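Reading the structure
This is what each chain is made of:
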Amino acid sequence: MTEITRLFDFPYYQLEKHNLEAALVTKKKGEWIKTSTKEYLDNANAVSRALLRLGINKNDKIAVISSTNRTEWNIMDIGILQTGAQNIPIYPTISAEDYEYVLNHSEAIYCFVSDKEVLDKVNKVKDKTQLKEVYCFDDIDGCKHYSELFKLGEDKSNQDEVQKRKDAVKPTDLATIIYTSGTTGKPKGVMLSHDNITSNVLNSIPRVPLEDGETRVLSFLPICHIFERVLIYVYQYAGATIYFAESIDKIGDNAKEIKPNLMSVVPRLLEKVYDKIYAKGDELSGIKHKLFHWAIELGEQWKPYKENGSWYEFKLSIARKLIFSKWKDALGGQLTTMVSGSAPLQPRLVRVFSAAGMNIMEGYGLTETSPVVSVGMYKNKHFKIGTVGKPIKGVEVKIADDGELLIKGRNVMLGYFKDEIKTNEVMSGDYFHTGDKGEIDSEGFLKITGRKKEMFKTSGGKYVIPTLLENDLKQSRFIEQVMVIGEGQKMPAAFIQPNFIFIKDWIDRKNQNIEKTNQAICDSDIIKSRIQKELDTCNCKFGKWEQIKRFELTPDVWSLEGGHLTPTMKMKRKIIKEIYKDLYNKIYDL
């Protein structure tokens, strides 16, 4: 059996152990196109042979930019890595200027793109980079198709050279550079070795409920991010069939077609799914309306391991049959587990989805830790709501005197590419400084309490951790996004982006005379008063110095395109503060 020490070992292990007819499945022109394990490797080897003929040397950099996850990305990943070169994944949604920065900083000499939109951005800056050629996965006039590499690699006479290159790749060699989206400044290039990632994959596998060769998964979180990429290797190891969603908008349709058993999610997606379900349920009338709300209320009380007792479980079985089964059917009917990462998850969502029979396992990690530090698991009592599970094997978590989480293990990055100063700033010996604050309870569960840098001090000298307030407020159905402000000011305050979809439905249900435009909603005293109630509920859980005394509503939806959010949906605090400078001055009478 293949020993897995480098990333390209995963598909070879799958070939030996599972040899799937459908290893990778992508939808094209309305049809799911299956690629077997053997075809996957045959194509990857053809790519490797072609790259050698193009003159690719060990440690050359090749960029891959794809708007969606797809079979081609994985073929290129293995094809590149086998030559000893590095795969540089780039977020598709960043600006052309950021493309230029990453392509130049990484010294990429070839680039593979998914579609015309990405190609147009690359072409804008291509002349200012070292790129020799750009290839496309889609058929686009004026761009070489990536299948040209299959033709160039058809002749197997240099396969021995590919084998020599593979054999020369050490586990400690650099595999990839992942540019963090960053909430401030230029992105940093996180250098991850084969061993960083393979050790993390192998130590994460026991936490993921996969049945060897039997599991169907739906993949849609960006594979350019290390979270989804590690899961793809996990799935390959377990012999799971990986279906790539057409887009985030089509997740529901795709799930109904393929009936996945497992998928990874981010809190933002679950919030949207829940809001849609809630809005539909709220449109019901009579007994159906009452049953829907009874089930929701029951779900919000859910506890793991039948802690609520037999009477609760009896009521839950009825709710599952009458209401929650329809939720499950909307996602294919076979979904049992969702793995959540990238941002804190509202406990209410964990309870309700788990009550519906779709357990959410929340995890924690960073690009710099390859990424998994800890993750929940339902079996063996490794699951506790409000925590991110227990640290995985091989990862040591230490809490510094100031509450910061420090991480040690084979998963900790090699450093930031071309930036020794920043690398030294985050390393103390073998320990990586996460910048996150947290605590480990008596049972060994890890809880994240906030970002160290985001904690601020009011003019009265009191410390406020904004994420604690924000996470609590985001449990409100009236609030989509919230950012707590107040550094150096006399009191904390907040910018709030209302949940416009929910509020427009609420206006109809309550027969309120409010125009259903975003601006009118933000100007409405009725809406402000209703959101104040949500703040009052939240405030009573916190000390007087932490409580939000004033807030302003923002009429635009916070987005990646608007500059409010990073590609991983984290808030760009400095930019949001700048965008709403007038509201900030109004709050503090400046």
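Before any of the text, the structure's been laid out above.
Here the residue numbers are simple positions, counted from 1 along each chain's written sequence. For a predicted model such as this one, the threshold for reporting local features is a pLDDT of at least 70, and the threshold for listing and counting side-chain atom pairs is 80 or more; totals across whole chains, interfaces and linings nevertheless cover every residue. Side-chain metrics rest on all non-hydrogen atoms present in the structure, leaving aside hydrogens and water.

Brief notes about the pairing of strand S26 (residues 493-498)
The test is simple: Residue exposure (1.4 Å probe, protein chains only): buried if accessible area is under 20% of the type maximum, exposed if over 50%, otherwise partly exposed. Helix and strand assignments come from DSSP, with helices taken as H or I runs of at least 4 residues and strands as E runs of at least 2, each series counted from the N terminus. A pair of strands is treated as paired once DSSP finds two or more bridges between them.
Within S26, 6 of the 6 residues are buried, leaving the element largely enclosed by the surrounding structure. Every second residue of S26 is oriented toward a common face, with Ala493, Phe495 and Gln497 on one face and Ala494, Ile496 and Pro498 on the other, all of them buried. As paired elements, S26 and strand S27 (residues 550-553) share 4 bridges and run parallel to each other. Bridge pairing in S27 places Ala494 opposite Phe551.

Concerning the sheet that holds strand S25 (residues 479-485)
For the record, the criterion: Between N-to-C directions, angles span 0 to 180 degrees; the directions come from axes that are lines fitted to C-alpha atoms, helices contributing only their stretch in contact.
If you walk across this open sheet you meet the 3 strands as S25-S26-S27, and the pairing is mixed. Each edge of the open sheet is held by one strand with a lone partner, namely S25 and S27. When the angles between neighbouring strand axes are averaged without regard to direction, this sheet yields 25 degrees.

Some thoughts on the packing of helix H8 (residues 194-204) against helix H9 (residues 226-238)
Going by this rule: With respect to orientation, any angle under 35 degrees is reported as roughly parallel, any angle over 145 as roughly antiparallel, any angle of 65 to 115 as roughly perpendicular, and every other angle as oblique. In this scheme the handedness of a crossing depends on how the near helix is turned from the far one: anticlockwise by less than a right angle means left-handed, clockwise means right-handed. Should any heavy atoms of two residues lie within 4.5 Å, those residues are considered in contact.
Viewed as axis vectors pointing N to C, H8 and H9 meet at an angle of 60 degrees, and their least axial separation amounts to 9 Å. Relative to H9, the element H8 is oriented oblique. Viewed along their axes, H8 and H9 form a crossing whose handedness is right-handed. On the side of H8, the interface is formed by Ile197, Asn200, Val201 and Leu202, while H9 contributes Ile226, Val230, Tyr233, Val234 and Tyr237.

Here's the deal with the pattern of salt bridges
How we decide: Note on definitions: salt bridges are taken to be side-chain nitrogens of Lys or Arg within 4 Å of carboxyl oxygens of Asp or Glu.
Enumeration according to the criterion identifies 31 salt bridges in this entry. Residue Asp77 pairs with Arg229 through a salt bridge whose shortest N-O separation is 3.1 Å. Residue Asp77 is located in helix H3 (residues 71-81), and its partner Arg229 is located in helix H9; the two are separated by 152 residues in the primary sequence. Arg229 shares its class with Asp77; the two are buried. Note that Arg477 is salt-bridged to Glu300, the shortest N-O span being 2.9 Å. Of the two residues, Arg477 is situated in the loop between helix H16 (466-473) and S25 and Glu300 in the loop between helix H12 (286-299) and helix H13 (310-330); the sequence distance between them amounts to 177 residues. Bridged by salt links that share partners, the residues Lys27, Glu246, Lys250 and Glu257 form one connected network.

Thoughts on the packing of aromatic side chains
Condition: Each Phe, Tyr or Trp ring (for Trp, its six-membered ring) is paired with any other whose centre lies within 6.5 Å, and the angle between the two planes then decides the class: stacked below 30 degrees, edge-to-face above 60, tilted in between. We call a charge positioned above a ring when the Lys NZ or Arg CZ atom is no farther than 6 Å from the ring centre and deviates by at most 35 degrees from the ring normal.
The final tally for this structure, using the stated rule, is 22 aromatic pairs. When the centroid spacing of 6.1 Å and the interplanar angle of 65 degrees are considered together, the rings of Tyr278 and Phe292 count as edge-to-face. Here the residue Tyr278 occupies a position in helix H11 (residues 267-282), and Phe292 occupies one in helix H12, the gap between them amounting to 14 residues. In terms of burial, Tyr278 and Phe292 fall into one category: buried. Between Tyr378 and Phe383, the ring centres sit 5.7 Å apart and the planes meet at 45 degrees, which makes this aromatic pair tilted. Taken together, Tyr274, Tyr278, Phe292, Phe324, Trp327, Phe353, Phe478, Phe502 and Trp506 form an aromatic cluster joined through their ring pairs. For the cation-ring pair, Lys390 lies above Phe445, with the distance from its terminal atom to the ring centre recorded as 4.9 Å.

Structural notes on H13
To keep it simple, the criterion reads: Helix span is expected to be 1.5 Å times the residue number reduced by one.
Taking 1.5 Å per residue, 21 residues should reach 30 Å; H13 reaches 28 Å between its end C-alpha atoms and fits that length. Of the residues making up H13, those classed as buried are Tyr312, Glu313, Leu316, Ala319, Ile323, Phe324, Trp327 and Lys328. Buried residues along H13 sit against H11, H12 and helix H14 (347-355). Just downstream of H13 lies Gly332, where phi reads positive at about 100 degrees.

A closer look at the sheet that holds strand S15 (residues 372-375)
With mixed pairing, 9 strands are arranged side by side in an open sheet as S2-S1-S11-S10-S12-S13-S14-S15-S16. The sheet is open, and its two edges are formed by strand S2 (31-35) and strand S16 (390-391), each paired on a single side. Where strand S14 (residues 359-365) and S15 come together, 3 bridges link them in antiparallel fashion. Bridge assignment links Gly365 to a residue of S15, and that residue is Val372. Sitting on the sheet, H3 is in contact with strand S1 (24-28), S2 and strand S11 (241-244), with an inclination near 135 degrees to S1. Where H14 meets the sheet, it contacts strand S13 (337-340) and S14, and its direction lies at approximately 140 degrees from that of S14.

Some words on the side chain of Ser476
The cut-off we apply is this: Under the rule applied, a polar contact is a pair of N or O atoms within 3.5 Å (in protein, one hydrogen donor and one hydrogen acceptor; residues adjacent in sequence only if both atoms are side-chain atoms).
By secondary structure assignment, the location of Ser476 is in the loop between H16 and S25. A polar contact of 2.8 Å, which involves the side chain of Ser476, links it to the side chain of Glu534.

Some details on the environment of Asn104
Within the element layout of this structure, Asn104 appears in helix H4 (residues 96-106). Note on Asn104: relative accessible area 25%, which makes it partly exposed. Between the alpha carbons of Asn104 and Thr129 there is a distance of 5.6 Å; along the sequence they are 25 residues apart. With residues up to four places along the chain from it excluded, the contact list for Asn104 reads Lys128, Thr129, Gln130 and Lys418.

Section: a positive patch on the surface
Quick reminder of the rule: Only residues above 30% relative accessible area that lack a salt bridge enter a patch, with like-charged residues linked at up to 9 Å and the nonpolar side chains Val, Leu, Ile, Met, Phe, Trp and Tyr linked at up to 5 Å. Exposure was quantified through the Shrake-Rupley algorithm and a 1.4 Å probe, taking into account, for residues, occlusion by the shown protein chains and nothing else. The charge count treats Lys and Arg as positive and Asp and Glu as negative. His and the chain ends do not count. Charge placement uses NZ in Lys and CZ in Arg. For Asp and Glu, CG and CD serve respectively.
A grouping of Lys256, Lys272, Lys276 and Lys280 is seen on the molecular surface, where their side chains present a positively charged patch. For the positive patch, the element with the highest residue contribution is H11, accounting for 3 residues. Its location among the elements puts Lys276 in helix H11. A relative accessible area of 64% places Lys276 in the exposed class.

Some details on unusual backbone geometry
Note: most residues except glycine have negative phi, and most peptide bonds are trans. At the junction of Ser370 and Pro371, the peptide bond is cis and its omega measures out at -10 degrees in the coordinates. Even without a glycine there, the phi angle at Asn59 is positive, about 75 degrees. Along the polypeptide, Asn59 turns up in the loop between helix H2 (37-53) and strand S3 (61-65). Of note, the phi angle at Lys259 is positive, near 55 degrees, even though the residue is not glycine. Positionally, Lys259 belongs in the loop between helix H10 (251-258) and strand S12 (262-265).

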